[in-house]
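# Remarks on the overall topology
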Amino acid sequence: MNEPRQRLFFALWPPAELARQMWHVARDSFDLRGARLLQIEQLHLTLAYLGSCDGEQRRCAEAVAGSVVAEPFTLSLSCLGLWPRPRVGWIAPQGTPPALQILVGRLQQGLGECGFSIDARPWQAHLTLVRKLRRPPRRETLAEPLDWPINEFALVESRTLPGGAEYRILQRWPLKG
């Protein structure tokens, strides 16, 4: 059976109200002239990018996700910044919670055993808010952090359409200690 390939990644997906709050922070904190503010429904924190996968690779990745043991935690988003090379504006925690590092590490280890290549660069917790950004944010920290209780992660399919990327959550796994 020839299964279609899918471009996949694991991510944390914020609840709608938190995504709306992040979108408003982006709108109020970045100079958006010439930039593109991401849609509320697109906001997510990528844990591991898998790339183009066949059915067997997807099943292996799903088995890895199902075997991950990681505690629920709260992610406090308070820092804003700009990466000039990809021209991306982002929001991130002041420091990555140990439980998030454990989750990412366990996913990466299992995915490596499935044959996925893991990015050699150190993983950085962030959510992209703006693309094609030219200037740094007006402020680097929020007066009040946005607290996000994390109790699950998802496998997401990314499709490139004429209007931009479209994401579809395929499956979710609860965090359990």
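Calculation rules
Residues numbered from 1 in each chain as written. Predicted model: local features only at pLDDT ≥ 70, side-chain atom pairs only at ≥ 80, totals over all residues. Heavy atoms only, no water. Pairing = 2+ DSSP bridges. Helix = DSSP H or I, 4+ residues; strand = E, 2+ residues; numbered from the N terminus. Contact = heavy atoms within 4.5 Å. Axes fitted to C-alpha atoms, helices over the stretch in contact; angles between N-to-C directions. Phe/Tyr/Trp six-rings, centres within 6.5 Å; stacked < 30°, edge-to-face > 60°. Buried < 20%, exposed > 50% of the residue type's maximum accessible area, 1.4 Å probe, protein only. Patch = residues over 30% accessible without salt bridge, like charges linked within 9 Å, V, L, I, M, F, W, Y side chains within 5 Å. Areas by Shrake-Rupley, 256 points an atom, 1.4 Å probe, with all protein chains shown as cover. Salt bridge = Lys/Arg side-chain N within 4 Å of Asp/Glu carboxyl O. Lys, Arg positive; Asp, Glu negative; His and termini not counted. Charge placed at Lys NZ, Arg CZ, Asp CG, Glu CD.

The antiparallel open sheet is built from five strands, whose spatial order is β2-β6-β5-β4-β7. A strand with exactly one partner marks an edge of an open sheet, and here the two such strands are β2 (36-37) and β7 (141-150). Pairing of strand β5 (residues 88-93) with strand β6 (residues 127-131) involves three bridges; the strand directions are antiparallel. Bridged to Ile91 within β6 is Leu127. Seen against the sheet, helix α1 (residues 16-29) touches β2, β4 (73-83), β5, β6 and β7 and runs at an angle of roughly 160° to β7.

Moving on: the sheet that holds strand β9 (residues 164-174). Strand order in the open sheet formed by four strands is β3-β1-β8-β9, with antiparallel pairing between adjacent strands. Edge positions in the sheet fall to β3 (45-53) and β9, since each has one partner strand and no second. Here the average twist between neighbouring strands, direction ignored, is 25°. By the bridge criterion, 10 bridges tie strand β8 (residues 152-161) to β9 in an arrangement that is antiparallel. Residue Leu155 lies in a different strand from β9, and its bridge partner there is Gln171. Strand contacts of helix α3 (residues 98-113): β1 (6-12), β3 and β8, with the helix running at about 15° to β3, the strand carrying the most contacts.

Overall, the coordinates contain six aromatic pairs when judged by the stated rule. Geometrically, the ring pair formed by Phe153 and Trp173 is stacked, given 5.6 Å between the ring centres and 25° between the ring planes. In this pair, Phe153 is assigned in strand β8 and Trp173 in strand β9, connecting sequence segments 20 residues apart. What makes Phe153 buried here is its relative accessible area of 1%.

So, about a positive patch on the surface. Judged by side-chain charge, Arg36, Arg87, Arg131, Lys132 and Arg134 come together as a positively charged surface patch. Within the element layout of this structure, Lys132 appears in the loop between β6 and β7.

As enumerated under the stated definition, the model contains 10 salt bridges in all. For Arg33, the salt bridge goes to Asp31, with nearest N and O atoms at 2.4 Å. Judged by its relative accessible area of 57%, Arg33 falls in the exposed class. Given the relative accessible area of 11%, Asp31 is considered buried. Across the salt bridge formed by Glu157 and Arg168, the nearest N and O atoms sit 2.7 Å from each other. Taken together, the residues Glu157 in strand β8 and Arg168 in strand β9 connect sequence positions 11 residues apart. Owing to a relative accessible area of 9%, Glu157 belongs among the buried residues under this scheme.

What follows covers the pairing of β1. For β1, the buried fraction is high: six of the seven residues fall into the buried class. Note: β1 against β3, seven bridges, orientation antiparallel. Bridge pairing in β3 links Leu8 to Gly51. Both β1 and β8 contribute to a ladder of five bridges, which runs antiparallel. Note on β8: the bridge partner recorded for Phe9 is Val156.

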